[in-house]
Amino acid sequence: KTGDGLAHAFVRLDIHEREITDISILKAFIHLRYIDLSGNKLKDISSLSVLTHLLTLKADNNLLVSAKLEEMPFLQIASFNKNKIKSLEGVNHPMLEHLSLNDNEINQISGLDPVKLSRLHTLELRGNKLETTEGVCLPNLKNLFLAANTIKKVEGMNRLQSLTTLHLRDNQLEALDGFVEDLKMLQYINFRGNNLTSLKELQKLQPLPMLRALVLSENPAAEEEDYRLEVLITLRKLERLDKEEYNDEEREEAEQIYEQRRQEELAAENTAEGEQE
């Protein structure tokens with residue numbers, strides 16, 4: 001029913017996979033809340049900007065070069081996967097919680113307003129052209145999906161205080177610099193299919209107080225001898241590696257080796273000090 005209770009209005013529209021090229025007629029349907037335009041041939045969706053009641057928008061698999069819309073006051077979920085979008089311009093909607101732009105042509109993360117996007121908890125940018133994580137300045141973001149890019153550097157993570165899940169699978173990371181102690185809620189990281197050659201890089205994850213699960217398979221470092229044990233010696237709070245839980249026996253052995261190495265280092269330091277004197 002409309003506000004005055006005297007008429008009815010359409011609130012849901014599903015026109016996926018209909019080869020549609022023009023949706024300008026939708027300007028007349030101002031009460032629409034849920035729209036699925038996926039799998040069409042749309043190059044422009046700017047006419048949706050007048051639909052201020054919109055809550056959910058699916059515009060996957062079109063020919064869009066931009067996700068730009070006027071600020072939508074109630075939009076909560078927006079999906080623009082598999083288009084030709086090159087930037088994040090025009091996605092700062094104040095109620096947005098989940099934004100998905102997988103498989104586009106975005107080469108840098110910029111223009112995300114942390115004030116406007118204060119409710120955004122999940123950002124998906126898989127399969128784009130990103131070379132760095134720089135630009136995600138969203139203190140309330142919980143889940144960040146950046147798999148299948150060409151990311152070589154982890155940068156600009158100090159504003160992600162609420163992040164719990166980070167997917168960096170199938171990128172080009174060789175080093176793990178950039179993981180700062182500000183990431184105090186980060187529990188799960190997926191590094192599968194990168195170029196990490198040494199388990200010593202994991203020492204750079206030690207500032208992360210809540211890290212409990214890690215995926216490192218399909219990296220050269222995962223071929224090292226005593227791989228599972230060496231990871232646990234470095235990250236002693238870890239509970240799961242490559243989706244397999246650590247058992248009490250592994251934990252005990254890791255603690256013993258850690259303590260033994262620590263004693264050896266102390267003894268070596270004392271010997272070195274004695275020689276200097």
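Criteria and cut-off values
Residues numbered from 1 in each chain as written. Predicted model: local features only at pLDDT ≥ 70, side-chain atom pairs only at ≥ 80, totals over all residues. Heavy atoms only, no water. UniProt positions renumbered as here; feature names shortened; annotations may be inferred. Core = buried A, V, L, I, M, F, W, Y, C linked by side-chain atoms within 4.5 Å. Buried < 20%, exposed > 50% of the residue type's maximum accessible area, 1.4 Å probe, protein only. Helix = DSSP H or I, 4+ residues; strand = E, 2+ residues; numbered from the N terminus. Contact = heavy atoms within 4.5 Å. Salt bridge = Lys/Arg side-chain N within 4 Å of Asp/Glu carboxyl O. Pairing = 2+ DSSP bridges. Patch = residues over 30% accessible without salt bridge, like charges linked within 9 Å, V, L, I, M, F, W, Y side chains within 5 Å. Areas by Shrake-Rupley, 256 points an atom, 1.4 Å probe, with all protein chains shown as cover. Lys, Arg positive; Asp, Glu negative; His and termini not counted. Charge placed at Lys NZ, Arg CZ, Asp CG, Glu CD. Axes fitted to C-alpha atoms, helices over the stretch in contact; angles between N-to-C directions. Left-handed = near helix turned anticlockwise from the far one by under 90°. Nonpolar A, V, L, I, M, F, W, Y, C, P; charged D, E, K, R; others polar. Expected span 1.5 Å × (residues − 1). Polar contact = N/O pair within 3.5 Å; in protein donor to acceptor, adjacent residues only side chain to side chain.

- Per an unreviewed UniProt entry, the protein chain is named Leucine-rich repeat-containing protein 23, and its organism is Magallana gigas.
- Per UniProt, the protein chain has the following entry under Subcellular location (unreviewed entry): "Cytoplasm, Cytoskeleton, Flagellum axoneme".

## A few points about the nonpolar core
Note that soluble globular proteins tend to have their nonpolar side chains buried in a common cluster.
And then number 1: Phe80, Phe179, Phe191, Leu205 and Leu214 are the most contacted members of the largest nonpolar core, which totals 75 residues.
And then number 2: Breaking this core down by element, the ones donating at least two residues are α1 (227–234) and α2 (248–276).
And then number 3: No other element matches the five residues that α1 contributes to this core.
And then number 4: Those residues in contact with Phe80, other than ones at most four positions away along the chain, are Ile45, Leu57, Ala59, Asp60, Leu64, Ala67, Ile85, Leu99, Ser100, Leu101, Asn102 and Asn104.

## Some points on the pattern of salt bridges
And then number 1: Within the structure shown, the criterion is met by 14 salt bridges.
And then number 2: For the salt bridge of Lys116 with Glu71, the shortest nitrogen-to-oxygen distance reads 3.1 Å. Note that Lys116 is positioned in the loop between β5 (98–100) and β6 (122–124) and Glu71 in the loop between β3 (56–58) and β4 (77–79), a separation of 45 residues in sequence.
And then number 3: Judged by its relative accessible area of 32%, Lys116 falls in the partly exposed class.

## Quick word on the sheet that holds strand β2 (residues 34–36)
And then number 1: Strands sit in the order β1-β2-β3-β4-β5-β6-β7-β8-β9-β10-β11-β12 across an open sheet of twelve strands; the sheet is mixed. Edge positions in the open sheet fall to β1 (12–14) and β12 (244–245), since each of these has one partner strand only.

## A closer look at a negative patch on the surface
And then number 1: Together, Glu225, Asp226, Asp248, Glu249, Glu252 and Glu253 line one region of the surface with negative charge.
And then number 2: Mapped onto the secondary structure, Glu252 falls in helix α2.
And then number 3: With relative accessibility at 53%, the residue Glu252 sits in the exposed group.

## A few points about the packing of α1 against α2
And then number 1: At their nearest, the axes of α1 and α2 sit 9 Å apart, and the two run at 60 degrees to each other. As α1 runs across α2, the sense of the crossing is right-handed. Contacts between α1 and α2 involve Arg228, Leu229, Glu230, Leu232 and Ile233 on the former and, on the latter, Glu250, Arg251, Glu253, Ala254, Ile257, Tyr258 and Arg261.
And then number 2: Broken down by class, the residue content of the contact of α1 with α2 amounts to six nonpolar, no polar and six charged.

## Regarding α2
And then number 1: Under the 1.5 Å per step criterion, the end-to-end length of α2 is 42 Å for 29 residues, consistent within 8% with the ideal 42 Å.
And then number 2: Every buried residue belonging to α2 is among Glu250, Ala254 and Ile257, and all of these are buried.
And then number 3: Buried positions along α2 lie against α1 and β12.
And then number 4: The backbone nitrogen of Glu249 lies 3.2 Å from a side-chain oxygen of the residue at the head of α2, namely Asn247.

## Things to note about the environment of Phe10
And then number 1: Here Phe10 lies in the segment before β1.
And then number 2: The class of Phe10 is exposed, set by a relative accessible area of 56%.
And then number 3: In sequence terms Phe10 and Phe29 are 19 residues apart; their C-alpha atoms lie 7.0 Å from each other.
And then number 4: Beyond its immediate sequence surroundings of up to four residues, Phe10 is in contact with Phe29, His31 and Leu32.

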